[in-house]
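For reference, the chains in residue letters:
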Amino acid sequence: MEEMSPDNIHGLILAVSSSIFIGSSFIIKKKGLKKAGVSGPRAGEGGYGYLCEPWWWAGMITMIVGEIANFAAYAFAPAILVTPLGALSIIFSSVLAHFILQEKLHMFGILGCVLCVVGSTTIVLHAPHEQDIESVKQVWYLATEPGFLAYSAVVIVVVLALIFYYEPRYGKTHMIVYVGICSLMGSLTVMSVKAVAIAIKLTFSGMNQFKYFHAWIFIIVVTICCLLQINYLNKALDNFNTAVISPVYYVMFTTFTILASMIMFKDWASQSGLQIATELCGFVTILSGTFLLHKTKDMGNSASIRGATSQSPRETPVFINSGSTRSSNSNL
């Protein structure tokens, strides 16, 4: 095992800090929503009283700080290190919900948290070193190599097919359509975000990168991809169960992001087969923990268990919507 580079350590600290802030923000915002719901209509019923609630704004500020830290992490560390660590935010939110919101964490949920930590540690200890990049033009060169151009072309063609053919026909019944659009575009978003973050990092070090048109093209790509992701993720949340969307989206988004990073930045070029296999095992461990945590997040309450026993496991939507899904979403 190689010693971690200073840049990887900086990226690790920023990524973990981001997970802490983002995971905490969900709990703080939910506390604000609960307080606002006591004195007026709830947000799920069309109420906007939470905008006057300090707790909700504290949660928003916390989330913004977390997103900034996550953005900065990509300037220092490879995506294969930063992206999977997003699962840690699930752990922090679950643990805080257990103690602050009294949303009991089931034994299997605790096991899921442990799996996420073990998988994250495995990836951190074996993550590849970040490339030495001295200009945004170098990132542009990597982005315009045949391999990544081919990947980008395939992503764009598949996304267009999903948007114009499959979404009108199957979008409201097959979750994979919306999640596929978000995940594929998300991989391009992260690559562009990394380019912009590197440009900002180099600019602060005294080498202005925004005098090159390449940096502005990356910013335009980030904007377009983010808008598409927000639009179709909202559609997914409106039509399907959040508890199912979250782990599936995390798995697909992380997988495509690591694949895109491997093609563009060639993260694994300097690593042995054993190191790559170890990282993949760590990634699979995180995925297992994430699914387990989401699948059992409501099992801590006995009432939820009694409610669940009255339904067949087959009624839980994974890729196909059902009537029960829409009714459950109306309560979100």
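What counts and how
Within each chain, residue numbers correspond to sequence positions counted from 1 in written order. The predicted nature of this model means local features are confined to residues of pLDDT at least 70 and side-chain atom pairs, given and counted, to a pLDDT of 80 or more, with totals for whole chains, interfaces and linings taken over all residues. Here the side-chain values reflect all heavy atoms present in the structure, with hydrogen atoms and water set aside. UniProt positions are given in the numbering used here, feature names are shortened, and annotations may be inferred rather than shown by experiment. Helix and strand definitions here come from DSSP, where helices need a minimum of 4 consecutive H or I residues and strands a minimum of 2 consecutive E residues; each element is numbered from the N-terminal end. Throughout, a residue-residue contact means that at least one pair of heavy atoms, one from each residue, lies within 4.5 Å. With residues, only the protein chains shown are counted as cover, and all accessible areas are computed by Shrake-Rupley using a 1.4 Å probe. Only protein chains enter the accessibility calculation, which uses a 1.4 Å probe; a residue whose area is less than 20% of its type maximum is buried, one above 50% is exposed, and one in between is partly exposed. Buried residues of nine kinds, namely Ala, Val, Leu, Ile, Met, Phe, Trp, Tyr and Cys, make up a nonpolar core once their side-chain atoms join them within 4.5 Å. Residue ranges assigned to the domains are those given by an automatic or database domain assignment. Inter-axis angles, ranging from 0 to 180 degrees, are taken between N-to-C directions of lines fitted to C-alpha atoms, where helices are fitted over the stretch in contact. Oblique is the label for every angle not falling under 35 degrees (roughly parallel), over 145 degrees (roughly antiparallel), or within 65 to 115 degrees (roughly perpendicular). Each crossing gets its hand from how the near helix is turned against the far one by less than a right angle, where anticlockwise is left-handed and clockwise is right-handed. Polarity classes work like this: nonpolar for Ala, Val, Leu, Ile, Met, Phe, Trp, Tyr, Cys and Pro, charged for Asp, Glu, Lys and Arg, and polar for all others, with Gly in that last group. To estimate how far a helix should reach, multiply one less than its number of residues by 1.5 Å. Cavity: a set of points on a 1 Å grid over the protein atoms alone where a 1.4 Å probe fits but cannot get out. Pocket: an open set with protein on both sides within 12 Å along at least five of seven lines, its lining residues, like those of a cavity, having an atom within 4 Å of a point. Grid points are joined across faces, edges and corners, and a volume is the space filled by probe spheres set on the points. We count a salt bridge whenever a side-chain nitrogen from Lys or Arg sits within 4 Å of a carboxyl oxygen from Asp or Glu. Aromatic rings from Phe, Tyr and Trp, with only the six-membered ring used for Trp, were paired whenever their centres fell within 6.5 Å, and each pair was classed as stacked if the ring planes differed by under 30 degrees, edge-to-face if by over 60, and tilted otherwise. Lysine NZ or arginine CZ positioned within 6 Å of the ring centre and within 35 degrees of the ring normal marks a charge as sitting over the ring. Confidence scores here are pLDDT values: one per residue, from the predictor, ranging 0 to 100.

Looking at an unreviewed UniProt entry, the chain carries the name Probable magnesium transporter, with the source organism given as Brassica campestris. Checking UniProt for the chain, the heading Sequence similarities (unreviewed entry) contains the comment "Belongs to the NIPA (TC 2.A.7) family." Quoted verbatim from the Function (unreviewed entry) field of UniProt, the annotation for the chain is "Acts as a Mg(2+) transporter. Can also transport other divalent cations such as Fe(2+), Sr(2+), Ba(2+), Mn(2+) and Co(2+) but to a much less extent than Mg(2+)."

> Is there a simple way to explain the overall build of the chain in this structure?
A count of helical and extended segments in the chain gives 13 helices and 0 strands. Secondary structure elements of the chain occur, N-terminal to C-terminal, as α-α-α-α-α-α-α-α-α-α-α-α-α. For the chain, the share of sequence-separated contacts (at least 6 apart) that also reach a separation of at least 24 residues comes to 82%. Entry remark: accessible area of the chain is about 16,700 Å², with carbon and sulfur atoms responsible for 69%.

> Sorry, what's going on with the environment of A161 here?
In this structure, A161 sits in helix 7 (residues 146-170). Judged by relative accessible area, A161 falls into the partly exposed class, the value being 32%. Spatially, the C-alpha atom of A161 lies 9.7 Å from that of I181, the residues being 20 residues apart in sequence.

> Can you help me understand the nonpolar core in this one?
Generally speaking, nonpolar side chains in soluble globular proteins are found buried as a group. Core analysis: the largest hydrophobic core is formed by 72 residues, its most contacted members being V139, F148, I181, M191 and M264. No other element matches helix 8 (residues 175-204), which puts 17 residues into this core. Three or more residues apiece are contributed to this core by two domains, here domain 1 (1-103) and domain 2 (130-270). Those residues in contact with F148, other than ones at most four positions away along the chain, are L142, A143, L188, M191, A260, I263 and M264.

> Would you mind showing me how to read the side chain of Q229 here?
You can see Q229 is positioned in helix 9 (residues 213-239). When its relative accessible area of 12% is taken as the criterion, Q229 is described as buried. Not counting the four nearest positions on each side in its chain, Q229 is found in contact with C182, M185, G186, T189 and Y249.

> For this particular structure, what's the right way to read the packing of helix 1 (residues 6-39) against helix 2 (residues 54-76)?
Any two packed helices are characterised by the angle at which their axes cross and by the distance between the axes. At a minimum axis distance of 7 Å, the contact between helix 1 and helix 2 shows a crossing angle of 160°. Relative to helix 2, helix 1 is oriented roughly antiparallel. For helix 1 against helix 2, the interelement crossing comes out left-handed. Among the residues making up the contact of helix 1 with helix 2, the classes are represented as 17 nonpolar, 11 polar and 5 charged.

> Before we go on, may I ask you to explain helix 11 (residues 273-295) in this structure?
In an α-helix there are 3.6 residues to a turn, and that puts residues three or four apart on one side. A rise of 1.5 Å per residue sets the reference length of helix 11, with its 23 residues, at 33 Å; its end C-alpha atoms lie 33 Å apart and thus fit the reference within 8%. Three or more residues of helix 11 are buried, namely Q275, I276, T278, E279, G282, F283, I286, L287, G289, T290, L293 and H294.

> In this structure, what is going on with the layout of surface pockets? I would like to understand it.
One water molecule sets the probe size; rolling that probe over the atoms shows where empty space is left. Put simply, the second largest pocket is a space of about 320 Å³. Lining the second largest pocket are 17 residues; nearest its centre among them are F148, S152, L188, S192 and V221. Of all elements in the fold, only helix 6 (136-143), helix 7, helix 8 and helix 9 reach the threshold of two or more residues within the lining of the second largest pocket. Sorting elements by how many residues they give to the lining of the second largest pocket places helix 9 first, with 5 residues.

> Looking at this structure, I do not really get the pattern of salt bridges. What am I missing?
Two side chains with opposite charge may pair up if their charged atoms get near one another. For the coordinates displayed, the defined rule picks out 4 salt bridges. Residue K35 pairs with E53 through a salt bridge whose shortest N-O separation is 4.0 Å. Taken as a pair, K35 in helix 1 and E53 in the loop between helix 1 and helix 2 lie far apart in primary sequence, 18 residues in all. For E53, a relative accessible area of 12% gives the class buried.

> Help me out: how do you make sense of the packing of aromatic side chains in this one?
Two aromatic rings, taken as a pair, are described by how far apart their centres are and by the angle between their planes. A full pass over the atoms with the stated rule returns 9 aromatic pairs. Linked through ring pairs, W140, F213 and F218 together constitute an aromatic cluster. Cation over ring: K31 sits above W55, and NZ or CZ is 5.5 Å from the ring centre. Its end group placed over the ring of F265, K194 keeps NZ or CZ at 5.4 Å from the ring centre.

> What am I meant to see in the confidence of the model for the chain here?
When pLDDT drops low, the exact placement of atoms in the prediction is not to be read closely. The predicted model of the chain has a mean per-residue pLDDT of 82, with 86% of residues at 70 or higher. By mean pLDDT, the top-scoring element of the chain is helix 7 (95), and the lowest-scoring one is helix 13 (residues 323-329) (43). Residue range residues 307-320 is modelled with pLDDT below 50. Its contacts to residues more than four positions away, or to other chains, number 16 contacts. Scored below 50 in pLDDT, residues 322-332 makes 21 contacts in the model with residues more than four places away or belonging to other chains.

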